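What follows is each chain in one-letter form.
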Amino acid sequence: MQKVWFITGANRGLGRAFVESALERGDQVAATSRNLQSVVDLSEKYGDLVLPLSLDITNREAVQKAVRQAKEHFGCLDVLVNNAGFGTFGAVEELSEQQLRQQFEVNDLRHGKSGNTFQQLRGWGKPSPVEN
């Protein structure tokens, strides 16, 4: 059964590997990155199976827009891979409150600015065969 994925941080590393793996098996993917140019090449190779989107996950309105675009494009969303994130190195006492808050908002979507939007994805998938 074909799945529809929404993947943040899809431009490189593990996020890119998730995107390419899903596309290789014939699934559809909304591939997001802060830099749209870093994911548009996927369209050349996979065509309509991929929807490249620019997304800063710390911006609630941008998250809502990207999720809405993906749902409208594919009709549903089945899988969320929250891969966007970064590390801050140093002792907690050495970091500013702004540095800590920014990392938390990017890395923890359950409580960050975009959390509620991603929680809404639960009801947007295709019904499972058990529910039919």
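Above this note sits the structure.
Okay, so let's go over this structure. (Residues numbered from 1 in each chain as written. Predicted model: local features only at pLDDT ≥ 70, side-chain atom pairs only at ≥ 80, totals over all residues. Heavy atoms only, no water.)

1. With respect to the nonpolar core
- With 16 residues, the main nonpolar core has Phe6, Ala30, Leu53, Leu55, Ile57, Ala70 and Leu77 as its most contacted residues.
- Every element with two or more residues in this core is listed here: β1 (4–8), β3 (50–54) and α3 (60–74).
- For this core, the element with the most residues is α3, which contributes five residues.
- Ranked by size, the runner-up nonpolar core spans 13 residues in total, among them Trp5, Ala22, Val29 and Val81. (Core = buried A, V, L, I, M, F, W, Y, C linked by side-chain atoms within 4.5 Å. Buried < 20%, exposed > 50% of the residue type's maximum accessible area, 1.4 Å probe, protein only. Helix = DSSP H or I, 4+ residues; strand = E, 2+ residues; numbered from the N terminus.)

2. Details of the sheet that holds β3
- Read across the open sheet, the four strands follow the order β3-β2-β1-β4; overall the sheet is parallel. Single-partner strands in this sheet number two, and they are β3 and β4 (79–82). Sheet twist, expressed as the average angle between the axes of neighbouring strands with direction ignored, equals 15°.
- The sheet contact formed by β1 and β4 spans four bridges and is parallel. When the bridges of β4 are listed, Ile7 appears paired with Val81.
- Its contacts with the sheet place helix α1 (residues 13–24) against β1, β2 (28–33), β3 and β4, and it is angled at close to 165° to β1.
- Those strands touched by α3 are β1, β2 and β3, and its axis lies near 165° from that of β3. (Pairing = 2+ DSSP bridges. Axes fitted to C-alpha atoms, helices over the stretch in contact; angles between N-to-C directions. Contact = heavy atoms within 4.5 Å.)

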